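The lines below spell out each chain.
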Amino acid sequence: MIISRVADHCFWFGRYVERAESTARMLAATQSLALDADLEPHACWRPIVVVSGEEDQFRERLAGGKDDDPVWGDGERVQDFMTWDTESGVSIVRSVTGARWNARAIRDVVSLEAWESINELHLWLDDGGKGEYREHRDAFYRRVRSLTQLTLGLLRSTMLHDDSLDFMWLGVLLERVNQTARMLDVHHHAFTAISQRHEVVDTALWLSLMRALSGFEPFMKQNQGKVTSDAVARFLIGEGRFPRSVAYCVESAHDRLRAIRPPAERELPGGQTLERLRLLDEWVQARRRGPEPGESIHELLTHVVDETGAICVSLGKELLGYG
Amino acid sequence: MTQALFNAYQPIAGAYDKLFVDGQPRPPFRRALEQLGAQTPSDFARSQALAERALLHQGVTFSVYSDSRGTEKIFPFCLIPRLIAAADFARLERGLVQRLTALGLFLDDVYGEQRILDANVVPRELVLGAAGYRAMLRGVKPAGGVRIHIAGVDLIRDPEGTWRVLEDNLRTPSGVSYVIENRVISKRVFPRALDAARVHRVDHYPTRLAEMLRSVAPVDSDPTAVVLTPGPYNSAYFEHTFLARTMGLELVQAPDLFVDKDQVFVRTTRGPRRVHVIYRRTDEAFLDPEVFRPDSVLGVPGLMRAYAAGNVAIANAPGNGIADDKAIYPFVPDMIRYYLAEEPILEQVPTYVCLRDEDRAYVVDHLDQLVVKAVDEAGGYGMLMGPQATSAERAEFRTRILADPRRYIAQPRVELSACPTWIADRGHVAPRRVDLRPYILTSREGPWVLPGGLTRVALVDGSYVVNSSQGGGSKDTWVLKGDAP
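The model shown is predicted, which means the values in this text are computed figures rather than measured ones.

## A look at the overall build of chain A
- Helix and strand counts for chain A come out as 15 helices and zero strands.
- Taken over C-alpha atoms, the radius of gyration comes to 20 Å for chain A, in line with the 20 Å a tight globule of 323 residues would show.
- Relative to its full complement of 323 residues, chain A shows a buried share of 50%.
- Across chain A, every contact between residues at least 6 apart in sequence was considered, and the portion connecting residues at least 24 apart equals 72%.

Right, here's the structure in full:
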């Protein structure tokens, strides 16, 4: 049992830390892809903006309202936007500030060590991080990732495993479902459109996506080097042992919510959210080997993204004190 | 004896120096100062920089109100500790227990029978006309019987070395988290000096505070206590989280609480849960909009009804502002005589109450020698430092005093004692003026004084203002367990 407002901060703290990490990972992987593959620059960088959900803002503010502006393929501009833009809801600096702000509001809940690691990242972005970004881009992303990963690890190793940690982890997992589903969706669409006849390019693209999701090695182990778009999609949707797959994240989120609000305790608030998450879990488990006949991957992933959004809204109403 | 760090140290003429006398360490502090002084200035600068970075990373900061970006700063501090001899502190402790006992009785009295007003020991109009007096609380007995659960009393030492009370803080005194954090740093940086000096610990304060809060609960078994904060934008927010964390209590904001049938509850993810004790770090004006500020949306509607019904203890009790009113302060020695039939142990600073005709006449004629304070302001605001002020500033205060005499008191400027302090931008040690704020917890069993306290230091050369909002910093305060012969 925790205070609803505290649960809200816990949830958003988890989401923002995960978001910062995932943005840093995605930018680092794309930078490496841009150097390797013979791709049109806009085919590398545009998907990043699309996945972030800030496509409209980018078009209005940076691309002069046009879809064919060269800025869509300008890796530096896209990275600046995704790293430093304070109006973009997904930039690293916004996510870290958000994580730190939420953690500060619950300083009595977050363990001192976890707090110090996110605070250190926040202070570094404002100070030494700017130079590191200019001079050693890869080291910059590595630092962001390692401090966010350290924060997430410290939460589990230094905090009581009680409701507050469950809410943080629920935030992490729901954010992660969203990230994986959107990244797979956008890339699946873009890659199948541009590279139907270039097997080498195709492989490079899919492996870059796997790197962006820290799934390269697990995937290779699983598939013994055979890289196809279907295999990648099956892995990222249905591999229940891979901690960033849709199936794993939804199932784990369901577990966390069951710990917070046990199904048997019907008088407690949270029943509708729990039921909706249970249904999504069931739905995803039925598609571990891929979409049902007649269903596209895009449709499958859209359903996941929409349901996750609806679950967050319901969670806010029932448990986080949104009224 | 030559000491690297203190080699060139020159005390301020005419001020009591905490650590040195006639160019030598004061005898009780010799062992500690030998250890500290063995460092070179460059060792010291490195330790100071490392300690400051650790504080920033840990978020041991205060928010700067004047800065709209919500900037946080570390409370500047100096690694050179301020030492207090065992015998000195023992006397201080007795004096504080006596003073807090009398102030508690005074509050019970003015919100009860008002015997002290009938006896004319404290002028009736001075009490009943004060902003800090809450007439609607008369007749309300707080759960647990305590009103001043947590007090911070500001003291100075005059050139003769006599402790004098400067003001009592009986509403929401802050700063104790720095006392504990500063000690953590001293332990890390000066383990040998600390060991040689034999210093009282301070880190058990949160445990004592939690015990005290439980002791005043309106139920016997398993009470729930919470810390009530105005939120992350409050300048003392770090301290609120620090105390909640170290006591293991929930940190709540007003919207988390609600009142039903005169009982207080907190909203949780599993529905409402009863609250028995609130350690509030909010101003009392924002406790309950039904009572204090009908125009305000802040606070917990009905909280004062629950309090009056005896269903929740609030620490500190609402209404305490009358006892730490600067215009009531001159009467505290008389209160001690009246309630306890004892002579006050601690001295005060002589004070002119501008409401009195003869005092006011003296004050407006001697503004160049006096410090004038508005009774309802704190933090070093609303103050005239007469000897340093311009004649225009003095003329302005003269007008203000004559227009609203109840609002002002005046005191002669007392030379504050000084303590060797590290001056970072010059890389050397120089004397700076300090005060001391010890903390006193009062449970059902009576007052207890933390053997330590917040030493605030005026870091600006020549300054007398130690408030953190005006260029003050802090030092660790070492209260010695025994004095060397």
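## Structural notes on the interface of chain B and chain A
- Facing 20 residues of chain B, the contacting portion of chain A comprises 21 residues.
- For the side of chain B that touches chain A, the secondary structure elements donating two or more residues are helix H2 (41–58), helix H9 (237–247), strand E9 (250–252), strand E11 (263–268) and strand E12 (271–275) of chain B.
- A class-by-class count of the residues in the side of chain B that touches chain A yields six nonpolar, eight polar and six charged.

## Thoughts on the pairing of strand E5 (residues 77–84) of chain B
Residues and elements named next belong to chain B.
- Most of E5 is tucked away, with eight of its eight residues classed as buried.
- Going residue by residue along E5, you find Phe 77, Leu 79, Pro 81 and Leu 83 tucked away on one face and Cys 78, Ile 80, Arg 82 and Ile 84 tucked away on the opposite face as well.
- Both E5 and strand E25 (residues 472–479) contribute to a ladder of five bridges, which runs parallel. When the sheet's bridge partners are listed, Ile 84 is paired in E25 with Val 479.

## Concerning the domain arrangement of chain B
All names here are of chain B.
- Per the domain assignment, the segments making up chain B are domain 1 (20–349 + 414–479) and domain 2 (352–412).
- If you average the C-alpha positions of domain 1 and of domain 2, the two centres end up 26 Å apart.
- Counting residues at the interface gives 14 residues for domain 1, matched by twelve residues for domain 2.
- When grouped by side-chain class, the residues that make up the side of domain 1 that touches domain 2 number eight nonpolar, four polar and two charged.

## Let's talk about unusual backbone geometry
All names here are of chain B.
- The linkage connecting Ala 315 with the following residue, Asn 316, adopts the cis geometry, with an omega of -10°.
- Here Asn 316 lies in the loop between strand E14 (313–315) and helix H11 (332–340).
- Of note, the phi angle at Arg 198 is positive, near 55°, even though the residue is not glycine.
- For Arg 198, the position within the fold is in the loop between helix H7 (191–197) and helix H8 (205–215).
- Not every positive phi belongs to a glycine, and Lys 261 is a case in point at roughly 50°.

## With respect to the pairing of strand E13 (residues 277–280) of chain B
Residue and element names in this part refer to chain B.
- Residue alternation in E13 divides its side chains into two sets, Val 277 and Tyr 279 and Ile 278 and Arg 280, and both sets are buried.
- Pairing of strand E8 (residues 225–228) with E13, which is carried by four bridges, proceeds in the parallel orientation. For Val 227, the partnering residue across the bridge sits in E13 and is Tyr 279.
- Note: E13 against E14, three bridges, orientation parallel. If you follow Tyr 279 over to E14, its bridge partner there is Ala 315.
- Taken together, E13, helix H10 (residues 303–308) and E14 form a β-α-β motif whose crossover is right-handed.

## Some details on the sheet that holds E12 of chain B
Residue and element names in this part refer to chain B.
- Strand order in the open sheet formed by three strands is E10-E11-E12, and the pairing between neighbours is antiparallel. Every interior strand has two partners, whereas the edge strands, strand E10 (257–260) and E12, have only one. The sheet shows a mean angle of 45° between the axes of neighbouring strands, taken without regard to direction.
- Two strands pair when backbone bridges link them, and E11 and E12 are joined in this way by five bridges, in the antiparallel orientation. Opposite Val 264, over in E12, you have Val 275 as the bridge partner.

## A word on the packing of H8 of chain B against H9 of chain B
Residue and element names in this part refer to chain B.
- H9 packs onto H8 with a crossing angle of 80° between their chain directions and a minimal axis gap of 9 Å. Relative to H9, the element H8 lies roughly perpendicular. Seen from H8, the contacting residues are Pro 206, Leu 209 and Ala 210; seen from H9, they are Leu 243, Thr 246 and Met 247.
- Of the residues that constitute the contact of H8 with H9, the class distribution is five nonpolar, one polar and no charged.

## Some words on the packing of helix H14 (residues 271–285) of chain A against helix H15 (residues 297–318) of chain A
All names here are of chain A.
- The contact between H14 and H15 brings their axes to 9 Å, and the two run at 160°. Here H15 runs roughly antiparallel to H14, going by the angle between their axes. In this structure, the crossing between H14 and H15 has a hand that is left-handed. Seen from H14, the contacting residues are Gln 272, Thr 273, Arg 276, Leu 277, Leu 280 and Val 284; seen from H15, they are Val 304, Glu 307, Ala 310, Ile 311, Ser 314, Leu 315 and Glu 318.
- For the contact of H14 with H15, the per-class residue count stands at seven nonpolar, three polar and three charged.

Reading guide: rules and limits
- Residues numbered from 1 in each chain as written.
- Chains lettered and ligands numbered in written order.
- Predicted model: local features only at pLDDT ≥ 70, side-chain atom pairs only at ≥ 80, totals over all residues.
- Helix = DSSP H or I, 4+ residues; strand = E, 2+ residues; numbered from the N terminus.
- Rg over C-alpha atoms; globule rule 2.2 N^0.38 Å.
- Buried ≥ 20, exposed ≤ 12 C-beta atoms within 10 Å, placed from the backbone.
- Contact = placed C-beta atoms within 7 Å.
- Nonpolar A, V, L, I, M, F, W, Y, C, P; charged D, E, K, R; others polar.
- Pairing = 2+ DSSP bridges.
- Domains from an automatic or database assignment.
- Right-handed = clockwise from strand over helix to strand, strands pointing away.
- Axes fitted to C-alpha atoms, helices over the stretch in contact; angles between N-to-C directions.
- Parallel < 35°, antiparallel > 145°, perpendicular 65-115°, else oblique.
- Left-handed = near helix turned anticlockwise from the far one by under 90°.

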